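# Report on the structure
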Amino acid sequence: MPDFDAVIVGSGAGGGALAFKLAKAGKKVLIIEAGGFYNTDEFTRFELQAYRNLWWQERFTSNFRVSGGKLRDEIALGMGRCVGGSTTIFTAVAQRAFAENIDAWYTETKTVNDLGEPISLSDLIPNYEQVESETGVSKYLNWDSGVRRLQEGFTRIGYPLEPVDAYINPTSCDHSGCLFGCPTGAKRGSLLAYVIPALYAGAEIYTNTYVERVLLRRIPEDNSGRVLEAYGVEYTDARGNSGKVSARIVVLSAGALETPQILLRSNIPDLAAHSSSAEQIGRNLAANTGTMVFGTFEETLNNWEMHPLSAHLIQFAREKDGGFLLEMSEVMEGPLGFSLVVTDEDGVPIVGEKLTSAMKQYPKMAGVFVSIHDANNGSVTLDGHGKEVFYKPVVREDLARVSKAKELAKQGMAAAGARDFYGSIFISHHVQGTCRMGEDKRVSVTNSNCEMHDVARLFVCDGSLIPRVLDVNPSLTIYALADRLSRHLLSVGNTGLWGGS
Amino acid sequence: MRTDGEGDSPPFVLTPSEYSLVAALVEAVIPPGGDPLSEPGGKEVGAHNYFDSRLCELPGEEREKVRRSLRALNDRATENFGRKFEHLTITEREAVLRSLLASPETRTDFFELRALCLEGFYSDYRDPWYGGKTAWQLTGFGGKRIDGVKKDWSFLRIYAARKSGGTTG
């Protein structure tokens, strides 16, 4: 008998939601999370502690090195490393993907619905509705001082802002920020919406536990041509002890940067005789490459008292309309985060008197977060020492979109009265695409039901699955994909997975 | 040369020459205002000591990477101005740092070096014996859930070594 029905690696949008749904259905579930467990009453505005507890350390792409000096721009990858994953430190924007984004999944990888037809937005509507209800999505109308100020300017230039849909209970949000965990419980990330309910439903969790590899064994070739099967994982716990746990199914929900690394450490490309699908592991990384524009206003805004990103300008978000999204306001919620990312207008991090004078203006600043439709042209690989290497080219088209978006952001801010503009480094919180789903094995890692083409009983449930980059924040779509996978796993046709006949 | 694990006052990890280089670095990244008492910079609050204590907790490989960056800082200073970094004027130091932060070859390593300096100041760090103004006061950062928030510095060797309790309000 395996130890668990399902072991789920990662507790973010994908892992948390799936764990809850399986546990609620009576399955014996283990969640393994690399980060620690921090609850609402432990979230602090002491930024340094929050970064240390809740975030992965600063990690950058290695574009210059990997490209042999051809690419000059790097992207900082800002992800959560705690129970709830990036949803614990995200800004709670809940946005359904556009219809053309989902249509592109079939074009890209032949992703299909339950009937074998090209997948479309209508297939995901029941999943979106379900997770929107569970996470309490509503329009966020309680704008902070920075957003109200920016709205004046953007309205003046003919582009009024709209409120975002957010995973926020507006009556309990008191503008105490998002990036360091929500101290009021108003934000419905995976932690509150799914992980804690999953634990009440009987799931177990190992925290501060790092999954080294998936345990695999040979099987007689199955109907899909697989000769490998997952039966558990090997991990290292917080004390450095290694252990193994067995399960009927293994689900990797560690995010688009970590999930492919676990698969590569599990040596799947070699074991699968370098099948085309195994060779796709870690490829096709997209990032919604982002940056920020900060402007200084006459009056004090104290814009760290905020629900960041409570408004957006979405009319240019679709690829065909420009491929950039503006969200606001964003000043990183504290002087440390702001000082880290702030650059001059050429994108060079500032030091010295330039930095200290910018920091003196910090209470008067508001900012716009810019993210773009970029290409699935990056990768996650391991070097000869097993160390992660992230590559996400910032290409000419990306730079053109960023430039247009920043120009519009500055126009709106200037019309609102801003002066003394600053930029930021390139940053991404929206990594996607490194284990794509689809029926075309030449360009995908899992099938349309998120099970690996090469390994039976091994599923992926996170942003890695998304076959083509979305034009909006991906978390709601990841939640929806988890809901979709749970329905598949719990369907009558899959009783065999759980030991039934 | 100091080695990790000796003594109860900084530097714990940095050699004396690295320590004075880091002091010059934090001064260049976060200079004081005209009156260092009313407008302290990184060196006044002890950002170089924070830097040293943070190195204590880094794995050897990452610590060595920081050391390489420090050597590169001196190399660039010597290359551009014929003198080591700490002997440059403030303007020259800033020019060296900007060139390293702008160059694609060195950008991310120096972002990380700069980040260690910024953590030692804009986190609101201060040495255990320092009683003057700190970054939050200087930037006006405050408000609900921020004023009086407990700041636990006990992860830093400098606080652990002095058994000072490791927290500030």
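Residue positions are counted from 1 within each chain, in the order its sequence is given. Lettering of chains starts at A and numbering of ligands starts at 1, both following the order in which they are written. Residues qualify for local features only when their pLDDT is at least 70, as the model is predicted, and side-chain atom pairs are given and counted only at 80 or more; totals for whole chains, interfaces and linings, by contrast, use all residues. The basis for every side-chain value is the complete set of non-hydrogen atoms in the structure, without hydrogens or water.

Moving on to the overall build of chain A. A run of H or I in DSSP becomes a helix once it reaches four residues, and a run of E becomes a strand once it reaches two; helices and strands are each numbered from the N terminus. For chain A, the helix and strand inventory stands at 14 helices and 22 strands. For the radius of gyration, the atom set is restricted to C-alpha positions; the globular benchmark scales as 2.2 Å times the number of residues to the power 0.38. For 501 residues, the compact-globule formula gives about 23 Å, and the C-alpha radius of gyration of chain A, at 22 Å, lands near that figure. A principal-axis box enclosing the C-alpha atoms of chain A has dimensions of 70 × 50 × 45 Å. For each residue, the accessible area found with a 1.4 Å probe, counting protein chains only, is set against the maximum for its type, and the residue is called buried under 20%, exposed over 50%, and partly exposed in between. Expressed as a percentage of the 501 residues in chain A, the buried residues total 64%. Pairs at least 24 apart in sequence give 76% of the contacts found in chain A among residues at least 6 apart. Taken as a whole, chain A presents about 17100 Å² of accessible surface, with 48% of it coming from carbon and sulfur. Within chain A, one finds 48 positive and 59 negative side-chain charges whose respective centroids are separated by 2 Å. What makes two residues a contact is simply this: any of their non-hydrogen atoms within 4.5 Å. Only the protein chains shown count as cover for residues, with accessible areas throughout obtained via the Shrake-Rupley method and a probe of 1.4 Å. By the counting rule applied here, Lys and Arg register as positive and Asp and Glu as negative, while His and the ends of each chain are not counted. We put the charge of a Lys on NZ, of an Arg on CZ, of an Asp on CG and of a Glu on CD.

Aromatic pairs are defined between Phe, Tyr and Trp rings, using the six-membered ring for Trp, whenever the two ring centres lie within 6.5 Å; interplanar angles under 30 degrees are classed as stacked, those over 60 as edge-to-face, and all others as tilted. Scanning all chains against the criterion turns up 21 aromatic pairs over all chains. When the ring of Phe46(A) is compared with that of Trp153(B), the centres are 5.1 Å apart and the planes differ by 75 degrees; the resulting orientation is edge-to-face. Of this pair, Phe46(A) sits in the loop between β2 (29-32) and α2 (47-54) while Trp153(B) sits in the loop between β1 (151-152) and α8 (157-162), which puts the two residues in different chains. On the basis of an interplanar angle of 65 degrees and a centroid distance of 4.7 Å, the ring pair of Phe294(A) and Phe338(A) is categorised as edge-to-face. With Phe294(A) in strand β12 (residues 290-296) and Phe338(A) in helix α11 (residues 335-341), this residue pair connects regions lying 44 residues apart in the sequence. We note that Phe294(A), like Phe338(A), is buried. An aromatic cluster of at least three residues, connected via ring pairs, comprises Phe294(A), Trp304(A), Phe338(A), Tyr362(A), Trp136(B) and Phe141(B). Geometrically, a charge over a ring is one whose NZ (Lys) or CZ (Arg) sits within 6 Å of the ring centre while staying within 35 degrees of the ring normal. Lying over the aromatic face of Phe4(A), Lys28(A) brings its terminal NZ or CZ to 5.1 Å of the ring centre. Between Lys151(B) and the ring centre of Trp136(B), over which it is positioned, the NZ or CZ distance is 4.6 Å.

Residues and elements named next belong to chain A. Convention adopted: a line fitted to C-alpha atoms gives each axis, helices being fitted over their contacting stretch, and angles between N-to-C directions are expressed from 0 to 180 degrees. Contact geometry for helix α1 (residues 13-24) and helix α8 (residues 190-200): axes closest at 8 Å, N-to-C directions at 35 degrees. The handedness of the crossing between α1 and α8 is left-handed. Together, Ala13, Gly16, Ala17, Ala19, Phe20, Lys21 and Ala23 of α1 and Ser190, Tyr194, Val195, Pro197 and Ala198 of α8 make up the contact between the two elements. The classification used treats Ala, Val, Leu, Ile, Met, Phe, Trp, Tyr, Cys and Pro as nonpolar, Asp, Glu, Lys and Arg as charged, and all other residues, Gly among them, as polar. Taken together, the residues that form the contact of α1 with α8 break down as nine nonpolar, two polar and one charged. It is the rotation of the near helix from the far one that decides the hand of a crossing: anticlockwise by less than a right angle makes it left-handed, clockwise makes it right-handed.

The next subject is the nonpolar core. Residues Leu326(A), Leu458(A), Leu25(B), Phe51(B) and Phe85(B) are the most contacted members of the largest nonpolar core, which totals 209 residues. Top contributing element to this core by residue count: helix α6 (residues 107-122) of chain B, with nine residues. Not counting residues within four places of it along the chain, the set of residues in contact with Leu326(A) comprises Phe154(A), Ala311(A), His312(A), Leu313(A), Val368(A), Phe369(A), Val370(A), Ala405(A), Leu408(A) and Ala409(A). Here, nonpolar core means buried Ala, Val, Leu, Ile, Met, Phe, Trp, Tyr and Cys residues that are tied together by side-chain atoms lying within 4.5 Å of each other. Membership of the second largest hydrophobic core comes to five residues, among which are Phe98(A), Ile314(A), Ala317(A) and Val472(A).

We now examine α8(A). The set of residues buried in α8(A) consists of Ser190(A), Leu191(A), Ala193(A), Tyr194(A), Val195(A), Ile196(A) and Ala198(A). Where the residues of α8(A) are buried, they touch α1, β2, α4 (86-89), α6 (121-135), β7 (204-206) and α14 (475-489) of chain A.

Time to look at the interface of chain A and chain B. Chain A puts 44 residues into the contact, and the matching count from chain B is 42 residues. In this assembly, chain A packs against chain B so that about 3600 Å² is buried in total across both faces, 62% of it on carbon and sulfur atoms. Salt bridge, as used here: a side-chain nitrogen of Lys or Arg that lies within 4 Å of a carboxyl oxygen of Asp or Glu. Inspection of the chain A/chain B interface yields five salt bridges. Taking the shortest distance from any N to any O, the salt bridge between Asp346(A) and Arg98(B) comes out at 3.7 Å. Between N or O atoms, a polar contact is any pair within 3.5 Å; within protein, one atom must be a potential hydrogen donor and the other a potential acceptor, and residues adjacent in sequence are included only when both atoms are from side chains. Counting every contact that joins chain A to chain B gives 15 residue pairs in polar contact (both at pLDDT 80 or more). Secondary-structure elements contributing two or more residues to the side of chain A that touches chain B are α2, α11 and α12 (352-360) of chain A. In terms of residue count, the dominant contributor to the side of chain A that touches chain B is α12(A) (six residues). Looking at side-chain class alone, the side of chain A that touches chain B contains 19 nonpolar, ten polar and 15 charged residues. When two components associate, each loses some accessible surface as probed by a 1.4 Å sphere; the sum of these losses over both components is called the buried area.

The next point concerns the sheet that holds strand β11 (residues 283-285) of chain A. All names here are of chain A. When DSSP finds two or more bridges between two strands, those strands count as paired. Spatial ordering of the open sheet is given by β11-β17-β18, a layout of three strands whose pairing is antiparallel. The outermost strands of the open sheet, each flanked by one partner alone, are β11 and β18 (388-391). The average angle at which neighbouring strand axes cross in this sheet is 35 degrees, direction not considered. When β11 meets strand β17 (residues 378-382), the two strands line up antiparallel, connected through two bridges.

This paragraph deals with helix α13 (residues 396-415) of chain A. Residues and elements named next belong to chain A. Expected helix span is given by 1.5 Å per residue-to-residue step, counting one fewer step than there are residues. With 20 residues, α13 extends 29 Å between its outermost C-alpha atoms, agreeing within 8% with the 28 Å of an ideal straight helix rising 1.5 Å per residue. By the burial criterion, the buried members of α13 are Asp398, Arg401, Val402, Ala405, Leu408, Ala409, Gly412, Met413 and Ala415. Seen along its axis, α13 keeps its buried residues to an arc of 165 degrees; they face one direction. Exposed and facing more than 90 degrees away from the buried side of α13 are Arg396 and Lys404. Just beyond α13, the residue with positive phi is Gly417, at close to 110 degrees. Throughout, the arc means that of the directions going from the helix axis to the C-beta atoms.

Confidence scores here are pLDDT values: one per residue, from the predictor, ranging 0 to 100. Overall, the predicted model of chain B reaches an average pLDDT of 94, with 95% of residues at or above 70. Scored as a whole, the predicted complex attains pTM 0.97, and scored at its interfaces, ipTM 0.96.

Residue and element names in this part refer to chain A. Residue position: Glu33 is located in the loop between β2 and α2. Polar contacts involving the side chain of Glu33 include one to the side chain of Ser11, which spans 2.7 Å. Setting aside chain neighbours within four positions, we find Glu33 in contact with Gly10, Ser11, Arg81, Cys82, Val83, Tyr206, Thr207, Asn208 and Thr209.

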